[in-house]
Amino acid sequence: MEVGYIGLGAMGGPMAANLARAFRTKVWNRTTETALEHARQHGSEAVTDLAELGSCDAIFSCLPTDAEVAEVATRLAPELAPGTVWVDHTSGRPQGSREIAERLAAGSIDYLDAPVSGGVKGAVAGTLTIMIGGDQSVVDRVRPPLDAMADKVVVVGPIGAGMTVKAINNALSAVNLWAAAEGVVALSKAGVPASTALSVINASSGSSKMTQNQLTNLAATGAYPPLFALDLLAKDVRIANEVLDDVDLDSKLLTTIRQLTTDASEELGPGADHVEIVKLIEAAAQAKLR
Ligand code: NDP
């Protein structure tokens, strides 16, 4: 099987590296140097022209939003053979994925929306969870490459359903991050060091992946490494709110977290990591987390 990977960012880079260990893997990135470096480091084959992915049996993409995927799909689709499978790992809008699927289906190309969770750590380790919208028979045809990147692959419904689950999942992670950051800054201001507080919370019912990983690392190092851009998280929370609107569910908490993450993303600007919302909470509290 020959596979192609589009978008070698924080997630796509390591996911494509895991593919390259098991399959002939062509990689394309908007900034070509990133693809060339990927080839040098991971034994993939860098292509500069998107059309060179035309020979692949399966295409994988991981771009910021479905808008960028729609753009590259429009350019690449005429080069792909009927029966090619396009697996999109982007966290996008469910409606966007249905539109891309329809456009690809015109050339007999099968599409799966297949967003991922597990972060950069999971992408590097090949232990991601992949939530898929689409037909099981199509998933079966790309199961070996999916298994090279993930520990858990779940078909959650028809095309668009993967994006729906991903958006709600990330809205929940935003709630967890924001609530835990407020709580730990409050504890720090009350005189309990963040690392001490987190060692208790992580063994207790207030624990989440955000307290176990992001906040524990921040308390230990004070550093904000680039893990997941805040503007991407804000995008996911907005999509989650569109999902709620679609099913006519009036949410208090997820509406509030949409406002908070959107405002924070505007205030901290492009390039800020999601964990940097702690800085805003610290400023409002006039106290430091550590
Ligand atoms: P990055 O910003 O690290 O990477 C984005 C990638 O998209 C880069 O390869 C970039 O190319 C490419 N790109 C951006 N704009 C365009 C464009 N107009 N045309 C073509 N390529 C473009 O993002 P992540 O890897 O963090 O995220 C990618 C997706 O995965 C997002 O939907 C995100 O929500 C999701 N996600 C992220 C997770 C994380 O922890 N980071 C976890 C789970 C999902 P270039 O190098 O040229 O800039």
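Residues numbered from 1 in each chain as written. Predicted model: local features only at pLDDT ≥ 70, side-chain atom pairs only at ≥ 80, totals over all residues. Heavy atoms only, no water.

K.L.:
Help me understand the overall build of the protein in this model?
P.N.:
Counting its secondary structure elements, the protein contains 13 helices and nine strands. A globule of 290 residues ought to have a C-alpha radius of gyration of about 19 Å, and the protein, at 20 Å, matches this closely. Along the first, second and third principal axes, the C-alpha set of the protein runs to 65 × 45 × 30 Å. Among the 290 residues that make up the protein, the fraction classed as buried is 50%. If you take every contact in the protein between residues at least 6 apart in sequence, the share linking residues at least 24 apart comes to 66%. With an accessible surface of roughly 13000 Å², the protein has 54% of that area assigned to carbon and sulfur atoms. Across the protein, 23 positive and 34 negative side-chain charges occur, with their mean positions spaced 6 Å apart. (Helix = DSSP H or I, 4+ residues; strand = E, 2+ residues; numbered from the N terminus. Rg over C-alpha atoms; globule rule 2.2 N^0.38 Å. Buried < 20%, exposed > 50% of the residue type's maximum accessible area, 1.4 Å probe, protein only. Contact = heavy atoms within 4.5 Å. Areas by Shrake-Rupley, 256 points an atom, 1.4 Å probe, with all protein chains shown as cover. Lys, Arg positive; Asp, Glu negative; His and termini not counted. Charge placed at Lys NZ, Arg CZ, Asp CG, Glu CD.)

K.L.:
In this structure, what is going on with the pattern of salt bridges? I would like to understand it.
P.N.:
Pairing is possible between side chains of opposite charge, provided their charged atoms come close. The full count for this structure, using the stated rule, is 13 salt bridges. Close ionic contact of Arg24 with Glu2 constitutes a salt bridge, the shortest N to O distance being 3.3 Å. One end of the pair, Arg24, is in strand S2 (residues 24-28); the other, Glu2, is in strand S1 (residues 2-6), with 22 residues separating them in the sequence. One network of salt bridges, with partners in common, ties together Glu2, Arg24, Lys26 and Glu45. (Salt bridge = Lys/Arg side-chain N within 4 Å of Asp/Glu carboxyl O.)

K.L.:
Help me understand the site of the ligand, please; the structure alone is not making it clear to me.
P.N.:
Not every one of the 22 residues close to the ligand is listed here, only the nearest: Ala10, Asn29, Arg30, Thr31 and Pro64. Relative to its unbound accessible area of 910 Å², the ligand is 82% covered by the protein chains. No other element matches the three residues that helix H11 (residues 230-246) contributes to the shell around the ligand. Among the residues forming the shell around the ligand, the class breakdown is 10 nonpolar, seven polar and five charged. (Near = heavy atom within 4 Å. Nonpolar A, V, L, I, M, F, W, Y, C, P; charged D, E, K, R; others polar.)

K.L.:
In this structure, what is going on with helix H2 (residues 32-42)? I would like to understand it.
P.N.:
Residue pairs spaced three or four apart in an α-helix point in one direction, given the helix's 3.6 residues per turn. Inspection of H2 places Ala35, His38 and Ala39 among the buried residues, and these make up the whole buried set. One side of H2 carries all its buried residues, which in axial view fall inside an arc of 100°. Along H2, the residues that are exposed and aim more than 90 degrees away from the buried face are Arg40 and Gln41. Its buried side turned inward, H2 meets helix H1 (12-22), S2 and strand S3 (45-46). (Arc of directions from axis to C-beta.)

K.L.:
Hey, could you run me through the confidence of the model for the protein in this one?
P.N.:
Detailed reading of the predicted coordinates is not advisable wherever pLDDT falls low. Looking at the protein as a whole, its pLDDT mean stands at 98, while 100% of the residues score no less than 70. The secondary structure element of the protein with the lowest average pLDDT is helix H5 (residues 119-125), at 96, and the one with the highest is strand S4 (residues 58-61), at 99. (pLDDT = per-residue confidence, 0-100.)

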